Amino acid sequence: MDFGLSEEQRMIVETTRSFVETELYPHEQAVERSGVLPLELIREVQQKAMAAGLYAANMPLEVGGAGLDTLSWLLYEKELGRANYALHWTCVARPSNILLAGNEEQRERYLMPCIRGETWDCLAMTEPGAGSDLRGMKASARPDGDDWILNGTKHFISHADLAGFAIVFMATGEEDTPRGPKKRITAFFVDKGTPGFTVRDGYRNVSHRGYTNAILEFDDCRLHKRQILGEVHKGFEVANSWLGATRLQVASTCLGRAERALGHALQWAAERRQFGSQIGKFQGISFKLADMAMELKAAELLVREAAWKYDQGTVTEADMSMAKLKATEVLAMIADEAIQIHGGMGLMDELPLERIWRDARVERIWEGTSEIQRHIISRELLRPLGA
Ligand SMILES: Cc1cc2nc3c(=O)[nH]c(=O)nc-3n(C[C@H](O)[C@H](O)[C@H](O)COP(=O)(O)OP(=O)(O)OC[C@H]3O[C@@H](n4cnc5c(N)ncnc54)[C@H](O)[C@@H]3O)c2cc1C
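Residues numbered from 1 in each chain as written. Predicted model: local features only at pLDDT ≥ 70, side-chain atom pairs only at ≥ 80, totals over all residues. Heavy atoms only, no water.

Scanning the protein chain from terminus to terminus reveals 11 helices and 10 strands. Its C-alpha atoms give the protein chain a radius of gyration of 22 Å, within 12% of the compact-globule value 21 Å for 387 residues. Reported as C-alpha extents along the three principal axes, the dimensions of the protein chain are approximately 80 × 55 × 40 Å. When the 387 residues of the protein chain are sorted by exposure, 49% land in the buried category. By sequence separation, contacts in the protein chain at least 24 residues apart represent 75% of the contacts at least 6 residues apart. Surface accessibility of the protein chain: about 18,300 Å² in total, with carbon and sulfur atoms responsible for 53%. (Helix = DSSP H or I, 4+ residues; strand = E, 2+ residues; numbered from the N terminus. Rg over C-alpha atoms; globule rule 2.2 N^0.38 Å. Buried < 20%, exposed > 50% of the residue type's maximum accessible area, 1.4 Å probe, protein only. Contact = heavy atoms within 4.5 Å. Areas by Shrake-Rupley, 256 points an atom, 1.4 Å probe, with all protein chains shown as cover.)

Attention now moves to the nonpolar core. Val92, Ile167 and Phe169 are the most contacted members of the largest nonpolar core, which totals 94 residues. Contact partners of Ile167, with chain neighbours within four places excluded, come to Ile98, Leu99, Cys122, Leu123, Ala124, Ala187, Phe188, Phe189 and Leu229. Ranked by size, the runner-up nonpolar core spans 21 residues in total, among them Cys122, Trp148, Phe188 and Leu223. (Core = buried A, V, L, I, M, F, W, Y, C linked by side-chain atoms within 4.5 Å.)

A few words now on the pairing of strand E2 (residues 140–144). Of the strand pairs in this sheet, E2 and strand E3 (residues 147–158) are connected by 5 bridges, and their pairing is antiparallel. The residue bridging Ala141 from the neighbouring strand is Leu150, located in E3. Between E2 and E3, which pair antiparallel one after the other, the connecting turn spans 2 residues, and Gly145 there sits at a positive phi close to 65 degrees. (Pairing = 2+ DSSP bridges.)

Surveying the vicinity of the ligand reveals 17 residues, the closest of which are Thr126, Ser132, Phe156, Thr369 and Glu371. Note that a nitrogen atom of the ligand is positioned 2.8 Å from one of the side-chain N or O atoms of Ser158. Relative to its unbound accessible area of 980 Å², the ligand is 62% covered by the protein chains. At the level of secondary structure, the elements contributing two or more residues to the shell around the ligand comprise strand E1 (121–124), E3 and helix H11 (370–382). Sorting elements by how many residues they give to the shell around the ligand places E3 first, with 3 residues. A breakdown of the residues in the shell around the ligand according to their chemical character gives 9 nonpolar, 6 polar and 2 charged. A domain-level breakdown of the shell around the ligand finds at least three residues from each of domain 2 (121–240) and domain 3 (244–385). (Near = heavy atom within 4 Å. Polar contact = N/O pair within 3.5 Å; in protein donor to acceptor, adjacent residues only side chain to side chain. Nonpolar A, V, L, I, M, F, W, Y, C, P; charged D, E, K, R; others polar. Domains from an automatic or database assignment.)

What follows covers the pattern of salt bridges. What the rule picks out here adds up to 32 salt bridges. For the salt bridge of Glu79 with Arg17, the shortest nitrogen-to-oxygen distance reads 2.7 Å. Of this pair, Glu79 sits in helix H3 (residues 70–80) while Arg17 sits in helix H1 (residues 7–34), and the two are 62 residues apart along the sequence. Glu79 is the salt-bridge partner of Arg82, the closest N and O atoms lying 2.7 Å from each other. Counted as one network, the salt bridges with shared partners bring together Arg17, Lys78, Glu79, Arg82, Glu259, Glu300 and Arg304. (Salt bridge = Lys/Arg side-chain N within 4 Å of Asp/Glu carboxyl O.)

Most peptide bonds take the trans configuration, and most residues that are not glycine carry a negative phi. In this structure, Asp220 takes a positive phi of about 50 degrees despite not being glycine. Assignment of secondary structure puts Asp220 in strand E7 (residues 213–224). We classify Asp220 as partly exposed; its relative accessible area is 47%. Positive phi is not limited to glycine here, since Phe275 has a value of about 50 degrees. Summarising the element assignment, Phe275 is placed in the loop between strand E9 (273–274) and strand E10 (277–278). The class for Phe275 is exposed, based on a relative accessible area of 80%.

This brings us to the environment of Lys234. In this fold, Lys234 is placed in the loop between strand E8 (228–229) and helix H6 (235–243). Its relative accessible area of 37% is what places Lys234 among the partly exposed residues. C-alpha of Lys234 to C-alpha of Val250: the two residues are 16 residues apart in sequence and 25 Å apart in space.

All right, on to the domain arrangement of the protein chain then. As far as domains go, the protein chain holds domain 1 (7–96), domain 2 (121–240) and domain 3 (244–385). For domain 1 versus domain 2, the separation of C-alpha centres amounts to 27 Å. Facing the 14 residues of domain 1 at the interface are 7 residues of domain 2. Where domain 1 abuts domain 2, roughly 840 Å² becomes buried across the two surfaces, and 62% of that area is made up of carbon and sulfur atoms. Among the residues domain 1 hides against domain 2, the three largest losses belong to Glu32, Tyr85 and Ser96. Together they make up 45% of the total. At the junction of domain 1 and domain 2, the tally comes to 0 salt bridges. At 4 residues, helix H4 (residues 85–91) tops the list of elements feeding residues into the side of domain 1 that touches domain 2. A breakdown of the residues in the side of domain 1 that touches domain 2 according to their chemical character gives 9 nonpolar, 4 polar and 1 charged. (Buried area = accessible area lost by both parts, 1.4 Å probe.)

Helix H8 (residues 283–312) packs onto H3 with a crossing angle of 145 degrees between their chain directions and a minimal axis gap of 8 Å. Residues Thr70, Leu71, Leu74, Leu75 and Lys78 of H3 form the contact with H8, whose own contacting residues are Glu300, Val303, Arg304, Ala307, Tyr310 and Asp311. Its residues assigned to classes, the contact of H3 with H8 shows 6 nonpolar, 1 polar and 4 charged. (Axes fitted to C-alpha atoms, helices over the stretch in contact; angles between N-to-C directions.)

Right, here's the structure in full:
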């Protein structure tokens, strides 16, 4: 087993970190304080990210991406994850892998403009009445000749205000299974401006300032069948095939922020003096630092192992859930302890810690809550025993 990084991976880390520190950090405070990421700033940083070869680097070579293996991709995600979320997600976009599931025409129309930085995608599954239980969705689509008619509401949809189109999951019927009736789900591409499709402002959010969410409304929205992504009734199959590693992406961005917070905590513990001593010399502080470093390492090893297994084709749902669960919970712990080590200064927005602490909160909720990750892990443990 080799735990080291290759020369190429070290270069990815260095290049991405240097870009994040020089091009993203200087804009963080303005975005945090205003809650707005201006379009001119997006365009400016986007151009630089493209010139540095970092834009859409998650994509395969044949469509203009960097063609990275999973671990290399996650190392890049970790470095991007250090910065304000809105800045890195929008200015150094990583189009959703699910766009690769499109046919030739759909790739040209939806994937390529995202890779060229002309637009952004967004993914709409969650509804006011259906979060963790996505199969409980009420928004639906019914066939009408060669068309489909969409009705219903989605909410919490990230950056739908900026996106040129949405990939929307709709209930398209029901099937009988031994465990009772089950909704069939189909995925559709819906362009902004399609009659019957409205994007409304979402809610103000404690985490990730500048990174908006929206409410999507469908009122007899008519789409041609060529707008279907994948096959009719196979929306979850296409999502499961292409979005599996998104949990690892969340985990990796959390590792970046946790490492940044730990760096600040170490620096402060070494510099800050009370009672005539560096506070890092007090066990009450130094033991916290030891635990933070150990937990971060444990989380990183889980993510790296899952990444390695992903490329071997041996990764399990539980592997990815463990990585996501651990990394998001470790980030919360490290952010909290880093503030404790800083005392009052930790809460001031002169430092990125209060932001990292706020931002940590959503990570245990989106992309599957911590409870759902534990459910996935325990299910994999118990199923072989018939429970
Ligand atoms: C800022 C933000 C951005 C988002 N972006 C998107 C997006 O772009 N697209 C999208 O489709 N969705 C998005 N989401 C939705 C996100 O994925 C959901 O919030 C998440 O899946 C949880 O659903 P919920 O909020 O409805 O909570 P619920 O599912 O209602 O859960 C409430 C509580 O019950 C617990 N719970 C539920 N079921 C179980 C169970 N079986 N066992 C134990 N506990 C359980 C949960 O863990 C949680 O603690 C976003 C959410 C946020 C907050």
